[in-house]
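Working through the structure, step by step
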Number of protein chains: 2
Amino acid sequence: MCPEPAHIPKRESGDERRIAIARAARALIIEKGLEGLRTRDIAERVGINIATLHYHVPSKEALVALVAASLRDDFKAQALRHPKEGLDAGAQLRQEFNEFREIVAEMPELIGVLSELVDLSRRDPTIAEIILPMQAFWTGQFTKIFRTGIDDGSFRPNIDPAAAAIIVTAALSDCWRPHRRASLEPVIAELERAFLLPVSNQG
Amino acid sequence: MCPEPAHIPKRESGDERRIAIARAARALIIEKGLEGLRTRDIAERVGINIATLHYHVPSKEALVALVAASLRDDFKAQALRHPKEGLDAGAQLRQEFNEFREIVAEMPELIGVLSELVDLSRRDPTIAEIILPMQAFWTGQFTKIFRTGIDDGSFRPNIDPAAAAIIVTAALSDCWRPHRRASLEPVIAELERAFLLPVSNQG
DNA sequence: TCATCAATCAATCATTTGATTGAGAAAATG
DNA sequence: CATTTTCTCAATCAAATGATTGATTGATGA
């Protein structure tokens, strides 16, 4: 079923409220952590009653799932923002780095909340179902890039694509933490040196 | 002599109790996450009353700090278990990898709890004071190794030691997660290829 | 033997917290 | 307008939870 195409807009729609709730929840997860997340705080930040919150999101469990889904949606939207067809492997890798820079700049809480939910996925199958495919997608993007780069000779030939992809995503995620934020650019530069072959004098 | 009569509830010294409490708390943090950690559960696992728990550890905050300190102690003990003097840089790097393998094998919860507390350090200065120096120590070990390896010519000469250390520690920590555990060896192998120079055909 | 103190527990407290109820307001519908 | 549906809130509940109290137990030393 597609979303209703040319229907008349409702009043303050439930969808908008749910988006506002997810946004507030994400901010609060960053501020207080998953263990400090309270439905009352979310309602207050959105500016609604706790009962209204429960009208739109039936339970706290569903709320965390909503947050997970919102992360996935934002992440996919970001991944589709930049075309990667026709680029060589090195350019694709740099494009991925740029996308990460944009995420850190424009949705600074995304990686942090994602990191908390990846932990949560260990013990919550509902969340795992949303988060793990998303993580697999991100790692998979790098894996494909590494395969391409090995094939066209621009990357170090003895790379293990899957292992390298884990290293890259783990390093980038780590640089999201405040006390590591300043290291993002040096880390990206080091990752390039680690996997790209030095360019000889090319035109 | 110290044989233990099994059926008699033995009274333990304060230090022993605190160690048992920290151990139980670590296990429960892995099972339920920091957000699912309950003082009652800890007391039950240790086999003591909730009031006794509060006698030994005054508050939940202090309890988490106790866990952080126990992580630090275990981590330092492990770091001192293997001598690294006199080894060349490559051997030191492999020694660090071996220590990590031992931690994963012998204290499988250490890295996971550490990861949760690193997150917590973002918002809790008391925990940050314990955890961040510990993290800095670990990263610093790798930084020193990379400097040594660059100097003696066994590592890729254009390594940024600090950035490379972040990459290594982030990648290892990431491999602690259950769905990444199988990737530990490939990731370690890839890290070696990324930073060590090929040894045989060099010349 | 007895006084002292660390260690322990049953019972309970005071909040916090996720969730519900029932009533009502504000659109949408006819 | 009347009716229905959607959305909202004040009040409240029941359970969970961190913490405390007051009494008890066992070890130690004088």
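Because the structure is predicted, anything quoted here is derived from the model rather than measured.

Residue and element names in this part refer to chain B. On the secondary structure map, isoleucine 150 appears in helix 7 (residues 125-151). In this structure the C-alpha to C-alpha distance between isoleucine 150 and aspartate 73, which are 77 residues apart in sequence, comes to 31 Å. Not counting residues within four places of it along the chain, the set of residues in contact with isoleucine 150 comprises Phe155, Arg156, Pro157, Ile159 and Pro161.

Low-confidence regions, as indicated by low pLDDT, have predicted coordinates that should not be scrutinised in detail. Counting all residues, the mean pLDDT for chain A is 89, and 91% of those residues have values of 70 or more. Under a pLDDT of 50 for its full length, residues 1-11 of chain A has, in the predicted model, zero contacts with residues more than four places off or in other chains.

Attention now moves to the interface of chain B and chain A. Residue-level contacts link 43 residues of chain B with 43 residues of chain A. For the pair chain B and chain A, the summed buried surface comes to about 3,400 Å²; carbon and sulfur atoms form 54% of the total. A salt bridge links B:Arg177 to A:Asp119; its shortest N-O distance comes to 2.6 Å. Of all the elements in the fold, those that place two or more residues in the side of chain B that touches chain A are helix 1 (14-32), helix 6 (108-121), helix 7, helix 8 (161-174) and helix 9 (184-195) of chain B. Of the residues forming the side of chain B that touches chain A, the biggest block, eight residues, is contributed by helix 8 of chain B. Broken down by class, the residue content of the side of chain B that touches chain A amounts to 21 nonpolar, eight polar and 14 charged.

Next up on the list: the pattern of salt bridges. Between side chains of opposite charge, a pair can form when the charged atoms approach closely. Under the definition given, this model contains 37 salt bridges over all chains. The residue A:Arg123 makes a salt bridge to B:Glu35 at a minimum N-O spacing of 2.7 Å. Taken as a pair, A:Arg123 in the loop between helix 6 (109-121) and helix 7 (125-151) and B:Glu35 in the loop between helix 1 and helix 2 (39-46) lie in two separate chains rather than in one. Measuring nitrogen to oxygen at the nearest pair gives 2.8 Å for the salt bridge that ties B:Arg156 to A:Glu190. Taken as a pair, B:Arg156 in the loop between helix 7 and helix 8 and A:Glu190 in helix 9 (residues 184-195) lie in two separate chains rather than in one. The class of B:Arg156 is buried, set by a relative accessible area of 10%.

Another aspect to go through is the relation of the copies chain B and chain A. Each copy of the sequence occupies a distinct position, and chain B is placed on chain A by a rotation of 180° and an axial shift of 0.0 Å, giving an RMSD of 0.1 Å. Such a combination of rotation and displacement between the chain copies is what one expects of a two-fold axis. Relative to the rotation axis, the C-alpha of B:Glu35 is the closest in chain B, positioned 1.8 Å from it. In this assembly the copies share their binding face: 100% of the residues contributing to the interface of chain B also contribute to that of chain A.

Cut-offs and rules
Residues numbered from 1 in each chain as written. Chains lettered and ligands numbered in written order. Predicted model: local features only at pLDDT ≥ 70, side-chain atom pairs only at ≥ 80, totals over all residues. Heavy atoms only, no water. Helix = DSSP H or I, 4+ residues; strand = E, 2+ residues; numbered from the N terminus. Contact = heavy atoms within 4.5 Å. pLDDT = per-residue confidence, 0-100. Buried area = accessible area lost by both parts, 1.4 Å probe. Salt bridge = Lys/Arg side-chain N within 4 Å of Asp/Glu carboxyl O. Nonpolar A, V, L, I, M, F, W, Y, C, P; charged D, E, K, R; others polar. Buried < 20%, exposed > 50% of the residue type's maximum accessible area, 1.4 Å probe, protein only. Least-squares fit on C-alpha atoms with pLDDT ≥ 70 in both.

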